[in-house]
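# Summary of the model geometry
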Amino acid sequence: FATKIEKEIFFSSYLKGINLAKAEGKILIKSNIFRLRFTAQTIGIFSLISEWKQTISIDALLINNKLKSQQYKSDDSRGKKKGHMHLSFENEIPKIVSAQPDPREDDRREKINKSLLKNTIDPISGVLNIGLNGNCNHKEIIFDGKRRYMINASFIEEEIIKQNQF
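Numbering of residues starts from 1 in every chain and runs along the sequence as written. For a predicted model such as this one, the threshold for reporting local features is a pLDDT of at least 70, and the threshold for listing and counting side-chain atom pairs is 80 or more; totals across whole chains, interfaces and linings nevertheless cover every residue. To obtain the side-chain values, all non-hydrogen atoms of the structure were included, while hydrogens and water were left out.

## Structural notes on helix α2 (residues 123–132)
- Per-residue accessibility, obtained with a 1.4 Å probe over protein chains only, is compared with the maximum for each type, and a residue is labelled buried under 20%, exposed over 50%, and partly exposed between these values. For the purposes of this entry, the term helix denotes a DSSP run of H or I that reaches at least four residues, the term strand denotes a run of E that reaches at least two, and both are numbered from the N terminus. Within the sequence span of α2, burial applies to Pro123, Ser125, Gly126, Asn129 and Ile130. An end-on view of α2 places all buried positions within 160 degrees of arc, on one side of the element. Exposed positions of α2 whose direction lies more than 90 degrees from the buried face are Val127 and Gly131.
- Its buried side turned inward, α2 meets β4 (52–63), β5 (66–78), β8 (138–143) and β9 (148–153).
- One side-chain oxygen at the N-terminal end of α2 lies 2.9 Å from the backbone nitrogen of Ile124; it belongs to Asp122. This arc describes the spread of directions from the helix axis toward the C-beta atoms. Contact definition: two residues touch when any of their heavy atoms are within 4.5 Å. Within 3.5 Å is the distance limit for a polar contact, defined as a pair of N or O atoms, with the added protein rule that one can donate a hydrogen and the other accept it, and that residues adjacent in sequence qualify only through two side-chain atoms.

## Points about the nonpolar core
- Grouped together as the largest cluster of nonpolar side chains are 20 residues, with contacts concentrated most on Phe34, Leu36, Ile58, Tyr72, Met85 and Leu87.
- Among the elements of the structure, β2 (18–30), β3 (33–42), β4, β5, β6 (81–88) and β7 (95–100) are those that each provide at least two residues to this core.
- Excluding its chain neighbours within four sequence positions, the residues that come into contact with Ile58 are Phe34, Arg35, Leu36, Arg37, Gln71, Tyr72, Asp122, Ile124 and Ser125. The definition of a nonpolar core used throughout is a set of buried Ala, Val, Leu, Ile, Met, Phe, Trp, Tyr and Cys residues joined through side-chain atoms within 4.5 Å.

## Comments concerning a nonpolar patch on the surface
- Patch definition: residues with relative accessible area over 30% and no salt bridge; like charges joined within 9 Å; nonpolar side chains (Val, Leu, Ile, Met, Phe, Trp, Tyr) joined within 5 Å. Here, Shrake-Rupley sampling with a 1.4 Å probe gives the accessible areas, and only protein chains in the shown set may cover a residue. Any carboxyl oxygen of Asp or Glu that lies within 4 Å of a side-chain nitrogen of Lys or Arg is treated as forming a salt bridge with it. Side chains of Ile18, Ile45, Leu48 and Ile49 sit close together on the surface and give an oily, nonpolar patch of about 480 Å² of accessible area.
- By the secondary structure assignment, Leu48 is in helix α1 (residues 46–49).

## Here we look at the pairing of β7
- Note: β6 against β7, five bridges, orientation antiparallel. Paired with His84 across the strands is Gln100, a residue of β7.
- Two strands pair if DSSP finds at least two bridges between them. Once β6 ends, the chain turns through six residues before running back antiparallel as β7.

## So, the sheet that holds strand β1 (residues 4–15)
- If you walk across this open sheet you meet the seven strands as β1-β2-β3-β4-β5-β6-β7, and the pairing is antiparallel. On the outer flanks of this sheet lie β1 and β7, each paired with one strand and no other. Looking at each pair of strands side by side, their axes are set apart by 10 degrees on average, direction ignored.
- Note that β2 and β3 share ten bridges and pair antiparallel. Across the sheet, Lys26 pairs through a bridge with Arg37, a residue of β3.
- Comment: axis = line fitted to C-alpha atoms, over the contacting stretch for helices; angle = value between 0 and 180 degrees taken between N-to-C directions. With respect to the sheet, α2 is in contact with β3, β4 and β5, its orientation differing from that of β5 by roughly 130 degrees.

## Topic: the packing of aromatic side chains
- Aromatic rings from Phe, Tyr and Trp, with only the six-membered ring used for Trp, were paired whenever their centres fell within 6.5 Å, and each pair was classed as stacked if the ring planes differed by under 30 degrees, edge-to-face if by over 60, and tilted otherwise. Evaluated as defined, the whole model comprises one aromatic pair.
- Their ring planes at 40 degrees and their centres at 5.9 Å tell us that Phe11 and Phe38 sit as a pair that is tilted. Placement of the pair is Phe11 in strand β1 and Phe38 in strand β3, with a sequence separation of 27 residues.

## Some details on the pairing of β5
- In this structure, β4 lies alongside β5, joined through twelve bridges in antiparallel fashion. Bridging from a neighbouring strand, Ile58 pairs with Tyr72 of β5.
- Where β4 folds back onto β5 in an antiparallel hairpin, the turn is made up of two residues, including Asn64, whose phi is positive at roughly 50 degrees.
- One ladder, built from eight bridges, connects β5 with β6; its direction is antiparallel. The residue of β6 that forms the bridge with Ser74 is Met85.

Written as structure tokens, this is what we have:
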């Protein structure tokens, strides 16, 4: 990418006409640098039931039409309960920079062998990578700071949804 691409994106989530949540953010691509910043939160009547807000930011390298994670930050609040996760993927094995609650201090969790974390990526980059190369039969190995897991996408069927039918 020789040029700079910057887009603002807005989402709303509805259930039977009731607005549940909204999200807004920016995507920036400059050279081979990909940056995404988003904030999402419950709104309307649903916010009285679940006062939730999350801010996510990622920095990644865009190499051969694939994202390679560099930084992942997530701040999350549900009412008075707050948490965050900040990961660095700048080496082959990701590192928890800071976390609240910190999974490294949770003795209920099984420790993940560091060799299993080699070349993993953050959850957002993983989901985006599935769509970037246009290959539906694709898998991504994710580390979110607490768990290592795989997103395994496969083509099931193609369906054309007519306007106002969803």
